[in-house]
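# Breakdown of the fold
What follows is the residue order along each chain.
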Amino acid sequence: MRKKIVAGNWKMNLNYAEGISLFSEIVNMVRDEKKGDQQAIICAPFIHLNSLAQLGGSTVSIGAQNCHQKESGAYTGEISAKMIKSVGCEYVIIGHSERRQYFAESDELLAEKTVITLQNDLIPIFCIGETLDERNNGSYFEVLKSQFQKGIFGLEGNDFSKIVIAYEPVWAIGTGLTATSEQAQEVHAFIRKEIDAKYGVEIAENTTILYGGSCNPKNAAELFAQKDIDGGLIGGASLKSRDFVDIVKTFN
Ligand code: PEP
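What counts and how
- Residues numbered from 1 in each chain as written.
- Predicted model: local features only at pLDDT ≥ 70, side-chain atom pairs only at ≥ 80, totals over all residues.
- Helix = DSSP H or I, 4+ residues; strand = E, 2+ residues; numbered from the N terminus.
- Rg over C-alpha atoms; globule rule 2.2 N^0.38 Å.
- Buried ≥ 20, exposed ≤ 12 C-beta atoms within 10 Å, placed from the backbone.
- Contact = placed C-beta atoms within 7 Å.
- Pairing = 2+ DSSP bridges.
- Axes fitted to C-alpha atoms, helices over the stretch in contact; angles between N-to-C directions.
- UniProt positions renumbered as here; feature names shortened; annotations may be inferred.
- Near = placed C-beta within 6 Å.
- Nonpolar A, V, L, I, M, F, W, Y, C, P; charged D, E, K, R; others polar.

### Quick look at the overall build of the protein chain
Helices and strands together make up the secondary structure of the protein chain, namely 12 helices and 8 strands. Compactness check: the protein chain gives a C-alpha radius of gyration of 17 Å against a globular reference of 18 Å for 252 residues, within 12% of the reference. A principal-axis box enclosing the C-alpha atoms of the protein chain has dimensions of 45 × 45 × 35 Å. Buried positions account for 46% of the 252 residues belonging to the protein chain. In the protein chain, the proportion of contacts linking residues at least 24 apart, taken out of those at least 6 apart, comes to 72%.

Here you go:
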């Protein structure tokens, strides 16, 4: 049975005190209200990670939003996967569209980041997604295929079986425009079919594929009810404890 996950992505929001306060609220609410075996994760800015990992315990897991592709060295200002692991994180978002767009992260770089993440016993949440133009001109299956072929299909099956994929249409991120449940399901089924063709049915059936893009407490239930959607990567709504926990509870 594949894992059901609701992962919040705080992006570059919240100072340290605000982060601790919001996270404490989330942990208490998840502890009191969550019933199923779904996993709640918060992916926070680096400066929050150490404290959040201690506060989250076994209730809410912690992820980083990025890591450097090298083990260590003269890369001023960067953070390695080993450092992230050392503070108790379990996950790292790799290839978010904002990193691809604003930091020019290529598929090849993201493949390196995925490998170093796995080598440090962290789980990559690997993001793929098409732009509005690519959706409108009908090239989105090709775009997505190229992103996961270059980014993660170089992995051996044993490593691939550990990763989480997030389908995040770029046109839906932070825009208030959500993919319809049919649009999202169509893409998730396509991704699972491609994984099946490459790694076999067992790995395909066990890979968690999240939807991300203006997911909120109102639309989460319909999205998560789709056969191939195993939860969400949540941006804006993860900055409000009530909204985030209501999305987590969608699986109750
Ligand atoms: C995201 O940044 O991963 C995201 C899905 O953002 P939002 O939910 O705000 O669209």
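There is more to say, and it comes next.
### A look at the sheet that holds strand E2 (residues 39–43)
Spatially, 8 strands are ordered E1-E2-E3-E4-E5-E6-E7-E8 in a closed barrel, and the strand pairing comes out parallel. For this sheet the average axis-to-axis angle between neighbouring strands, irrespective of direction, equals 25°. In this sheet, strand E8 (residues 231–234) lies alongside strand E1 (residues 5–9) in parallel orientation, the contact comprising 4 bridges. Directly across from Val6, in E8, lies its bridge partner Gly232.

### Points about the UniProt feature "active site" (unreviewed entry) in the protein chain
Cross-referencing UniProt, the feature "active site" (unreviewed entry) maps to His96 and Glu168 in the present numbering. The named residues occupy 73 residues along the chain; their greatest pairwise C-alpha distance, 8.3 Å, places them in one compact cluster. Those residues in contact with His96 that lie beyond four places of it in its chain are Gln65 and Cys127. With respect to the helices and strands, the residue Glu168 is situated in the loop between strand E6 (164–167) and helix H9 (181–199). Since 27 C-beta atoms lie within 10 Å of it, Glu168 is described here as buried. Contacts of Glu168, omitting those with residues within four sequence positions, involve Ser97, Cys127, Gly129, Ile173, Gly212, Gly213 and Leu233.

### Brief notes about the UniProt feature "binding site: substrate" (unreviewed entry) in the protein chain
Taken from the UniProt record, the annotation "binding site: substrate" (unreviewed entry) applies to Asn9, Trp10, Lys11, Gly174, Ser214, Gly235 and Gly236. Annotated residues spanning 228 residues; largest pairwise C-alpha distance 14.0 Å, indicating a single compact cluster. Secondary-structure assignment places Asn9 in strand E1. For Asn9, a count of 26 C-beta atoms within 10 Å corresponds to the buried category. Ignoring sequence-local partners within four residues, the contact set of Asn9 consists of Cys43, Gln65, Ile93, Leu233, Ile234, Gly235 and Ser238. Positionally, Gly235 belongs in the loop between E8 and helix H12 (241–249). In this structure Gly235 touches Asn9, Lys11, Ile173 and Gly174, once residues within four positions along its chain are discounted.

### Observations regarding the site of the ligand
With respect to spatial proximity, 13 residues lie near the ligand, and among them Ile173, Gly174, Gly212, Gly235 and Gly236 are the closest. Here the shell around the ligand is built from residues that sort into 5 nonpolar, 7 polar and 1 charged.

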